[in-house]
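Geometric and topological summary
What follows is each chain in one-letter form.
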Amino acid sequence: MTVFDLVKKNMRKNISRYSLYFFSMIFSIVVYYVFATLQYDQSISKVIGEEMRLQGIFNASN
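In this report, we go over the structure that sits alongside the text. (Residues numbered from 1 in each chain as written. Predicted model: local features only at pLDDT ≥ 70, side-chain atom pairs only at ≥ 80, totals over all residues. Heavy atoms only, no water.)

1. Brief notes about the overall build of the chain
For the chain, the count of helices and strands is four helices and zero strands. Along the chain direction, N to C, the helices and strands of the chain fall in the order α-α-α-α. For a compact globule of 62 residues, the expected C-alpha radius of gyration is about 11 Å, and the chain comes in at 19 Å, more than 25% above that figure. Referenced to the eigenvectors of the C-alpha coordinate spread, the extents of the chain come out at roughly 60 × 20 × 15 Å. Each of the 62 residues in the chain was classed as buried or not, and the buried ones make up 5%. For the chain, the accessible surface area stands at approximately 5,600 Å², while carbon and sulfur atoms represent 65% of it. Each charge class in the chain was averaged separately, 7 positive and 4 negative side chains, and the resulting centres sit 23 Å apart. (Helix = DSSP H or I, 4+ residues; strand = E, 2+ residues; numbered from the N terminus. Rg over C-alpha atoms; globule rule 2.2 N^0.38 Å. Buried < 20%, exposed > 50% of the residue type's maximum accessible area, 1.4 Å probe, protein only. Areas by Shrake-Rupley, 256 points an atom, 1.4 Å probe, with all protein chains shown as cover. Lys, Arg positive; Asp, Glu negative; His and termini not counted. Charge placed at Lys NZ, Arg CZ, Asp CG, Glu CD.)

Okay, structure coming up:
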């Protein structure tokens, strides 16, 4: 039995425990890329320049 087989067996047995971890990890990555993409959008840049609260949120996200 190889290490890869052990990993597959462990993942199958504990999928319910790992699902919350994977969901939160994927959600965090999606939120980061949404903020990173919005930061370089021209229309969002105009709004951020006018709103101090939004500017703080975008600065905190990076």
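2. Section: the packing of aromatic side chains
Evaluation of the coordinates by the stated rule reveals four aromatic pairs. Seen from their ring centres, Phe23 and Phe27 are 6.3 Å apart, and the 20 degrees between their planes marks the pair as stacked. One end of the pair, Phe23, and the other, Phe27, are both in helix H2 (residues 15-39), four residues apart, so they sit about a helical turn from each other. Here Tyr32 and Tyr33 contribute two aromatic rings whose centre-to-centre distance is 5.2 Å and whose plane-to-plane angle is 75 degrees, an arrangement assigned as edge-to-face. Judged by its relative accessible area of 52%, Tyr33 is exposed. Here the aromatic cluster, defined as three or more aromatic residues joined through ring pairs, consists of Tyr18, Tyr21 and Phe22. (Phe/Tyr/Trp six-rings, centres within 6.5 Å; stacked < 30°, edge-to-face > 60°.)

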